[in-house]
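A structural walkthrough
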Amino acid sequence: GKMVEDYWGPGKALLNDSKGFLDSLKTYDKDNIKPAVMKRIREKYKPMEEFTPDRVAKASSAAEGICKWILALEVYDRVAKVVAPKKEKLKLAEAEYAEAMKSLQAKQAELQE
C-alpha cells in the first residue's frame, strides 16, 4: 500500500516538553532554513486546503499557532531572499558614497586655502 507519514509519536514527544518546544520555536534560526525544508513547505503543505490557520484551529488551537508560525517563516524566507541582495547593494553604494564625500571634502578644503 501507500506509505502514510505518521508524526504523532515525534509530535507527542515534542509537546511533552512544552517549554523546550516553545524555546526552540523562539530561537529557531530563521535566516538559515535549509532549502529542502522550504521546498517541502511550499510544495506539500502550503497548497493544502486544510493547511490554513482557520481550518487547523478546528482541530487544535496549538496546531493553529504552529500553522501560523510555519506560514510566517515561509513568507519571511521568501522576503529575506529578495531583501538580502538589496541590502548588500545598499552597503556597497553607501561605501562608494562615503568615499566620494571624502574626496569632495578634500577638494573643498583645497579650494578654501
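Quick summary incoming for the structure in this document. Being a predicted model, the structure only gives us computed values, none of them experimental. (Residues numbered from 1 in each chain as written. Predicted model: local features only at pLDDT ≥ 70, side-chain atom pairs only at ≥ 80, totals over all residues. Heavy atoms only, no water.)

A look at the overall build of the chain
- Regarding its fold elements, the chain presents five helices and zero strands.
- Taken over C-alpha atoms, the radius of gyration comes to 24 Å for the chain, far larger than the 13 Å a tight globule of 113 residues would show.
- Dimensions of the chain, computed from C-alpha atoms along their principal axes, come out at roughly 85 × 30 × 25 Å.
- Per-residue burial over the chain gives 13% buried out of 113 residues.
- A fraction of 58% describes how many contacts in the chain between residues 6 or more apart in sequence connect residues 24 or more apart. (Helix = DSSP H or I, 4+ residues; strand = E, 2+ residues; numbered from the N terminus. Rg over C-alpha atoms; globule rule 2.2 N^0.38 Å. Buried < 20%, exposed > 50% of the residue type's maximum accessible area, 1.4 Å probe, protein only. Contact = heavy atoms within 4.5 Å.)

As for the side chain of Glu-74
- Within the element layout of this structure, Glu-74 appears in helix H5 (residues 61–112).
- A relative accessible area of 1% means that Glu-74 is categorised as buried.
- A polar atom in the side chain of Glu-74 sits 2.9 Å from the side chain of Arg-78.
- Apart from the residues lying within four places of it in its own chain, the contact partners of Glu-74 are Met-38, Ile-41, Arg-42 and Lys-46. (Polar contact = N/O pair within 3.5 Å; in protein donor to acceptor, adjacent residues only side chain to side chain.)

Some thoughts on the environment of Ala-63
- Following the sequence through the fold, Ala-63 ends up in helix H5.
- Taking relative accessible area as the criterion, Ala-63 reaches 27% and is therefore assigned partly exposed.
- Along the chain, Ala-63 and Glu-5 lie 58 residues apart, while their C-alpha atoms are 17 Å from each other.

Some thoughts on the nonpolar core
- Listed in full, the nine residues of the largest apolar core are Ile-33, Met-38, Ile-41, Phe-51, Val-56, Cys-67, Ile-70, Leu-71 and Leu-73.
- Among the elements that line this core, the one with the most residues is H5, at four residues.
- Apart from the residues within four sequence positions on either side, Ile-33 is in contact with Tyr-28, Met-38, Leu-73 and Asp-77. (Core = buried A, V, L, I, M, F, W, Y, C linked by side-chain atoms within 4.5 Å.)

With respect to the pattern of salt bridges
- Under the defined criterion, the tally for this structure stands at 10 salt bridges.
- Here Arg-40 ties to Glu-5 by a salt bridge, and the two come within 2.6 Å at their closest N and O atoms. Of this pair, Arg-40 sits in helix H3 (residues 35–45) while Glu-5 sits in the segment before helix H1 (8–16), and the two are 35 residues apart along the sequence.
- For the salt bridge of Glu-5 with Lys-44, the shortest nitrogen-to-oxygen distance reads 2.5 Å. (Salt bridge = Lys/Arg side-chain N within 4 Å of Asp/Glu carboxyl O.)

Topic: the side chain of Glu-64
- Examined against the element boundaries, Glu-64 turns out to sit in helix H5.
- Judged by relative accessible area, Glu-64 falls into the buried class, the value being 19%.
- Sequence-distant contacts of Glu-64, defined by excluding residues within four places in its chain, comprise Pro-53, Val-56 and Ala-57.

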